[in-house]
Amino acid sequence: MAHSILVVDDDPHIRDVVRFAFEKTGMAISIAQDGKEALARFDRNVHDLIVLDIGMPEMDGLEVCRQIRKTSDTPILFLSARDEEIDRILGLEIGGDDYVTKPFSPRELVARVNAILRRARTVPAPAESKAMNHGGLALDPDARTANFRDTPIALTALEFSILRTLLARPGFVFTRELILDAAYAGNIHVADRTIDSHVRNIRAKFAGAGCESAIETVHGVGFKLGRCEAAR
């Protein structure tokens, strides 16, 4: 079955380029030209992924993402202009899975989208399908759920992959490159700050559930799983 992609951008040229690139691969494309139309189309139809422009008038892509994340973990790839680095990082922190900077290569965009879709549909190997636990953290790879002391934690597909990577080897310090290799399919280049943003987002979500130490930073090296204990 073809993947269904919702493309949201106020620039008709960008919409046409993205539509053409995706339709060449057999994907089914829906188009929205602003944030309000995007939310309406999202509510009416099931989509496998959203390509979402940040810089739109009236309701920008960041607000669209916030609204969608209230009810859904559908993967979101942001499109952003070169001078919007702060917005790009914020987009990852509020639940985006990746971003592509304008002007972009349509082939790179398709590759990034395919990488996200592969992560979202990956079925864990039998040896990894058992529940994984550490401190108050419980991860179920089959159900793709995370809990801290029975409090559900809503993670995006990439956040789940990063946390599962760390949980598979408690105590091991992962470099950013190792995390990229394990969590990102398709050997796609991603900047280090992308991983840092996702780690901050995971920490914030667990802190909201009372966990003070989900992921630890090992300065000059990378990250490792924290104690996953309740805040005192």
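Structural data are supplied above this passage.
Please read all numbers here as calculations on a predicted model, not as lab measurements.

A.B. asks: Sorry if this is basic, but what is going on with the pattern of salt bridges here?
C.D. replies: Any two side chains of opposite charge can pair if their charged atoms end up close together. Inspection of every chain in the model, using the stated rule, returns 14 salt bridges. Note that Asp 97 and Arg 69 form a salt bridge whose closest N and O atoms lie 3.4 Å from each other. You can see Asp 97 sitting in the loop between helix H4 (85-93) and strand S5 (98-101) and its partner Arg 69 sitting in helix H3 (residues 61-69), a full 28 residues away along the chain. On the basis of relative accessibility, which here comes to 1%, the residue Asp 97 falls in the buried class. Take Arg 69: its relative accessible area is 18%, and that puts it in the buried class. Where Lys 224 meets Glu 216, a salt bridge forms, and the shortest distance between an N and an O atom there is 3.9 Å. What makes Lys 224 partly exposed here is its relative accessible area of 24%. For Glu 216, a relative accessible area of 24% corresponds to the partly exposed category. Within this structure, Glu 212, Glu 216, Lys 224, Arg 227 and Glu 229 form a network of salt bridges that share partners.

A.B. asks: What's the story with the sheet that holds strand S8 (residues 145-148) in this structure? I'm lost.
C.D. replies: Pairing between the strands of a sheet comes from backbone hydrogen bonds, and it takes one of two forms, parallel or antiparallel. Read across the sheet, 4 strands follow the order S6-S7-S8-S9 without closing on themselves; strand pairing throughout is antiparallel. Lying at the two open borders of the sheet, with one neighbouring strand each, are strand S6 (132-134) and strand S9 (151-153). Neighbour-to-neighbour, the strand axes of the sheet open up by a mean angle of 25°, direction not taken into account. Examined bridge by bridge, S6 and strand S7 (residues 137-140) share 3 bridges and lie antiparallel to one another. Bridge assignment links Asn 133 to a residue of S7, and that residue is Ala 138. On the sheet, helix H6 (residues 157-168) packs against S6, S7 and S8 and is oriented at approximately 115° with respect to S7.

So, how was this worked out
- Residues numbered from 1 in each chain as written.
- Predicted model: local features only at pLDDT ≥ 70, side-chain atom pairs only at ≥ 80, totals over all residues.
- Heavy atoms only, no water.
- Salt bridge = Lys/Arg side-chain N within 4 Å of Asp/Glu carboxyl O.
- Helix = DSSP H or I, 4+ residues; strand = E, 2+ residues; numbered from the N terminus.
- Buried < 20%, exposed > 50% of the residue type's maximum accessible area, 1.4 Å probe, protein only.
- Pairing = 2+ DSSP bridges.
- Axes fitted to C-alpha atoms, helices over the stretch in contact; angles between N-to-C directions.
- Contact = heavy atoms within 4.5 Å.

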